[in-house]
Amino acid sequence: MTKKLISVQVNGRRHEAAVEARTLLVHFLREELQLTGTHIGCETSHCGACTVDLDGRSVKSCTHLAVQCDGSEILTVEGLAVKGALHAVQEGFYQEHGLQCGFCTPGMLMRAYRFLQENPDPSDEEIRMGMSGNLCRCTGYQNIVKAVQHAARKMRETATV
Amino acid sequence: MNAPSKELEARELALAGMGVSRLRKEDARFIQGKGNYVDDIRLPGMLHMDVVRAPIAHGRIVRISKEAALAIPGVHAVLTAEDLKPLKLHWMPTLAGDVAAVLADEKVHFQMQEVAVVIADDRYSAADGVEAVEVSYEELPVVIDPYRALEADAPVLREDLAGKTEGAHGKREHPNHIFTWEAGDRHATDAVFQAAPVVVQQHLLYPRVHPCPLETCGCVASFDPVRGELTTYMTSQAPHVVRTVVSLLSGIPESKVRIVSPDIGGGFGNKVGVYPGYVCAIVASIVLGRPVKWVEDRIENISSTAFARDYHMDGELAATSEGRILGLRVNVVADHGAFDACADPTKFPAGLFHICSGSYDLQAAYCAVKGVYTNKAPGGVAYRCSFRVTEAVYLIERMVDVLAQKLGMDKAEIRARNFIRKEQFPYTSAFGFEYDSGDYHTALAKVLKAVDYPALRAEQAARRANPHSPTLMGIGLVTFTEVVGAGPSKMCDILGVGMFDSCEIRVHPTGSAIARMGTITQGQGHQTTYAQIIATELGIPSEVIQVEEGDTSTAPYGLGTYGSRSTPVAGAAIAMAARKIHAKARRIAAHLLEVAEGDLDWEVDRFKVKGDDARYKTMRDIAWQAYHQPPAGLEPGLEAVHYYDPPNFTYPFGIYLCVLDIDRATGESKVRRFYALDDCGTRINPMIIEGQIHGGLTEGFAVAMGQQMPFDAQGNLLGNTLMDYYLPTAVETPHWETDHTVTPSPHHPLGAKGVAESPHVGSIPTFTSAVVDAFAHKGVTHLEMPHTSFRVWKALKEHGLAL
């Protein structure tokens, strides 16, 4: 199968690679770049485990082709912490017990990361709606809502300093 | 003199031991994308496997053509039953005493059954290969209804069992009949029913559902032909048992088989079994001499690996006219699908279903469960519950509601009247279970007070009195008892291996420690809670205690994690292993302090000389001494192993109350309030317990309100993606209120009972109870799950309540 050369910026690093036109972004990230933090839960865009940030919006990388991302900037869970310092959403999930088996967590974190830029001071209901593209089988979401609120508070505090 | 309490408190705090809501030790890797799940594993030279599956539910395989697939660049091999036959691996034994096809042998028995596997360089070329394998079938009549399966003229599904009139659990009365299993006293129960002034009966369908963890099943099999060693990374809730099975099937000595369960993305029963995909990947690795990865996709997961439930139940209660329950009689037809691959302790083909007398003190009980074959996928796992306990609790709790309605009694009142009383424990049930401890009346009173139950009933009465009210209000109540922690090896085994569990603790010279366990966490937080138990037992901070599980080469043999058995069984093993170390530590301390062992007191993290606060040795001091210069007559080192065979099951209980409002125009239900009181005995980490209860309640909500695996008459599964199969999002999921009482288990070394499955088991009938309650004034006593808006709207129409 013919391959196409793409160039993408992932977690601040430029990568050039030849990919088949049919290669899904999630497989490109996991297998080509070996960034296995992004998970596959359903392959149909329903569960959100594969959520990454693509050019400033949340996308489900299981239904995005790698070739569509040529020239794009991508952030995955591996790029959230900066020099070992956890991002506020990571801190929130840890402090509020927002995860159990950890499989949905990378997608949840990436969605929360983008959601809180869209809505820095959300109500619980807005969080539930804003995170509704990401499924979790373990937590019942209650602590995820608390985790996102925790992160929102922390980000607002930092922003006003 | 005791040490000043502040100093003591600080030392306690430093341990972060039992009872503390310490944050989880496993989170650091998961929040940074550094988990290590099966699909993250990549070995040099690894190939990928994909599966050719049957498009029809019943038919003969006429021809399989591999040529086109083998011509695809990157495809290495295509394996069918014919290829497995010489190895005698085309069929495999199941945990339930049946056999299951690894790859369809001449015939397919359910839609999506494994017919062939393709091994290729990467997952894309493997998928291309699957598309190119041509299979032709001769279709056969399909049996979907388990009652139809038992009719005299029903098509025979399992031709491989022709002439076998004796199954693993007794006589087979029909070619599609697997077993009939009975518990209780039939004659005594019949006598009670004959004399009883009141009898109620109800048919209940517990639909076929799927545990659907977010990570699907998969493995990476790697056979080293030079060493003759097989290593398989696998999504398994029971790696040690899998190793035994793999060794028996393959003939490779168990010492050369290594099964590793790495991080697991949720199990909920789905990852207990041994699936054809695992076996084929292992065979492919042996044949090709290279590592082979197989990871199923979501459609394959829902369609083929491990359904749950599918119990068609007829319940009857006998009672006095004052609502005193006298007897229980239950008949179940259990749809086991094409092969009996239920995951139960070997002697219990219906699991622990006979816990169905619930929290109630009754004279006589009897149940019979008839297992049958149909053209559906095999499975029958315990989806977030102990073996068939969800079905049992659903049955008894629905029946008690039905009886209350018949007698015009309040559902709280009838339960309180029939509870086993606190002073009756240990209590032997009509089915022979010995309930360890409980205090149901106190727990019920606490819940009714917390929600102001009389006010809720008054509000409901006012709502009913208003014909223009846009909503109906329903109040659901469930007072359940579970049986978990399987189990005593005198009763429970898996393929002959007793259901003990194990722990090995090693305290290092500098006072940190490692524990290795026979269980495997799938989100339960074992690395945290197990460390907390050791912290309290040995006075070592939980922060420096590593917990390792899942690698059969390093961990002691254990039966794994399912049926809420980790804390009841492995948790007890930890305490016992720690106490062996503690006893040795005391000897060393006595030696160091030059006193008799009896002159020492244990205090948080140290042994102190009685009456002399200044003379003590901490566990850290002792650990150093154990490796440096142990007292004469003592072996060096500070470690212990314990295999714990529990004397009994544990019996957690809970009282759940749900208030919901039903929109009379749309049939939509909105849970306004859900109050869950759980009693799991001693609590190890309240934060983790609460998190597990939230998760279990949400899974219960999913089952009650939307999950179902519907089949058409041809055996097509009509919902096998997450588009159709209901996993609730954060939007529909209710807010949960949790509460607890603590009634320790008298036979468990820590008094702990297990908790994570209670909320699933207990909440499902609570939702049904609430939905039915909304219709109760119209004489409705039961509505079948799942309570989707459409079904509820139909009920509204039927009873003249729709707006």
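Visitor: What should I look at first to understand the overall build of chain A in this one?
Guide: Of the regular secondary structure elements, chain A holds five helices and five strands. For chain A, the sequential pattern of α-helices and β-strands runs β-β-α-β-β-β-α-α-α-α. A compact globule built from 161 residues would reach a C-alpha radius of gyration of about 15 Å, and chain A, at 16 Å, matches this within 12%. Relative to its 161 residues, chain A shows a buried fraction of 56%. Sequence separation of at least 24 residues holds for 61% of the intrachain contacts in chain A that already meet a minimum separation of 6.

Visitor: How should the sheet that holds strand β8 (residues 134-139) of chain B be read in this particular structure?
Guide: Pairing between the strands of a sheet is mediated by backbone hydrogen bonds and can be parallel or antiparallel. All names here are of chain B. Spatially, the three strands line up as an open sheet ordered β6-β2-β8, and their pairing is antiparallel. The open sheet has two edge strands with one neighbour each: β6 (107-108) and β8. The pairing of strand β2 (residues 59-65) with β6 spans two bridges and is classified as antiparallel. In the sheet register, Arg60 faces β6, and the bridge partner there is Lys107.

Visitor: Help me understand the domain arrangement of chain B in this model?
Guide: Accessible area lost during the coming together of the parts is what is often quoted as the interface size. All names here are of chain B. Considered domain by domain, chain B is made up of domain 1 (5-35 + 501-644), domain 2 (38-140 + 217-295) and domain 3 (307-413 + 421-427 + 435-486 + 649-798). Using C-alpha coordinates to define each centre, domain 2 is positioned 37 Å away from domain 3. Each side of the interface is counted separately: domain 2 has 17 residues, and domain 3 has 22 residues. Grouping the constituent residues of the side of domain 2 that touches domain 3 by class yields nine nonpolar, seven polar and one charged.

Visitor: Please explain the nonpolar core as it appears in this structure.
Guide: One broad trend across soluble globular proteins is that nonpolar side chains are buried collectively. Residue and element names in this part refer to chain B. Membership of the largest hydrophobic core comes to 303 residues, with the highest contact counts inside it found for Val118, Ile534 and Ile574. In terms of residue count, helix α16 (residues 566-593) provides more of this core than any other element does, 12 residues in total. Leave out the neighbours within four places in its chain, and Ile534 touches Ile505, Ala513, Ala515, Ile540, Ile545, Ile574 and Ala578.

Visitor: What am I meant to see in the packing of helix α2 (residues 88-95) of chain A against helix α5 (residues 142-160) of chain A here?
Guide: Helix-helix packing is characterised by the crossing angle of the two axes and by the distance between the axes. Residues and elements named next belong to chain A. The geometry of α2 relative to α5 is characterised by a closest axis approach of 7 Å and an angle of 135 degrees between their N-to-C directions. It follows that α2 is oblique to α5 by the angle criterion. Like other packed secondary-structure pairs, α2 and α5 cross with a definite hand, here right-handed. Residues Ala88, Val89, Glu91, Gly92, Phe93 and Gln95 of α2 pack against Ala147, Val148, His150, Ala151, Lys154 and Met155 of α5. Classifying every residue of the contact of α2 with α5 gives seven nonpolar, three polar and two charged.

Visitor: Help me out: how do you make sense of the pairing of strand β19 (residues 364-372) of chain B in this one?
Guide: Each regular strand carries side chains that alternate between the two faces of the sheet. Residue and element names in this part refer to chain B. With eight of its nine residues buried, β19 lies for the most part within the structure. Where strand β11 (residues 177-184) meets β19, seven bridges bridge the pair, whose relative direction is antiparallel. Within β19, the position partnered with Gly184 by the bridge is Tyr366. Across nine bridges, strand β18 (residues 325-335) lies against β19 in parallel orientation.

Visitor: How should the interface of chain A and chain B be read in this particular structure?
Guide: Contact with chain A, which involves 44 residues of that partner, is made by 43 residues of chain B. For the side of chain A that touches chain B, the class distribution of residues is 21 nonpolar, 17 polar and six charged.

Visitor: What am I meant to see in the environment of Gly273 of chain B here?
Guide: Relative to the helices and strands, Gly273 of chain B is located in the loop between β15 (257-260) and α9 (276-288). With 243 residues separating them in the primary sequence, Gly273 of chain B and Phe30 of chain B have C-alpha atoms 26 Å apart.

Visitor: I tried to follow the environment of Pro291 of chain B on my own but got confused; where do I start?
Guide: Residues and elements named next belong to chain B. Mapping Pro291 onto the fold places it in the loop between α9 and β16 (292-295). Through-space distance from the C-alpha of Pro291 to that of His441 is 57 Å; in sequence the pair is 150 residues apart. Setting aside anything within four residues of it in sequence, one finds Pro291 in contact with Leu43, Gly45, Met46, Val220, Ala221, Ser222 and Ser285.

Visitor: Help me understand unusual backbone geometry, please; the structure alone is not making it clear to me.
Guide: Most peptide bonds are trans, and most residues other than glycine sit at a negative phi. Residue and element names in this part refer to chain B. For the bond from Phe425 to Pro426, the omega torsion is -5 degrees, close enough to zero to count as cis. Following the sequence through the fold, Pro426 ends up in the loop between α12 (411-418) and β21 (427-428). A cis amide bond, omega -10 degrees, links Met785 with the succeeding residue Pro786. One can find Pro786 in the loop between α19 (758-775) and α20 (789-798). Residue Arg384 is not a glycine yet carries a positive backbone phi of 45 degrees. The residue Arg384 is located in the loop between β20 (379-381) and α11 (389-407) in this model. Looking at Arg384, the number of C-beta atoms within 10 Å reads 30, which means it is buried.

Visitor: For this particular structure, what's the right way to read the confidence of the model for chain B?
Guide: Any segment with low pLDDT has predicted coordinates that should not be analysed in fine detail. This prediction gives chain B a mean pLDDT of 97; 100% of its residues lie at or above 70. Predicted as a complex, the structure gets a pTM of 0.98 and an ipTM equal to 0.98.

Rules used in this analysis
- Residues numbered from 1 in each chain as written.
- Chains lettered and ligands numbered in written order.
- Predicted model: local features only at pLDDT ≥ 70, side-chain atom pairs only at ≥ 80, totals over all residues.
- Helix = DSSP H or I, 4+ residues; strand = E, 2+ residues; numbered from the N terminus.
- Rg over C-alpha atoms; globule rule 2.2 N^0.38 Å.
- Buried ≥ 20, exposed ≤ 12 C-beta atoms within 10 Å, placed from the backbone.
- Contact = placed C-beta atoms within 7 Å.
- Pairing = 2+ DSSP bridges.
- Domains from an automatic or database assignment.
- Nonpolar A, V, L, I, M, F, W, Y, C, P; charged D, E, K, R; others polar.
- Core = buried A, V, L, I, M, F, W, Y, C linked by C-beta atoms within 7 Å.
- Axes fitted to C-alpha atoms, helices over the stretch in contact; angles between N-to-C directions.
- Parallel < 35°, antiparallel > 145°, perpendicular 65-115°, else oblique.
- Left-handed = near helix turned anticlockwise from the far one by under 90°.
- pLDDT = per-residue confidence, 0-100.

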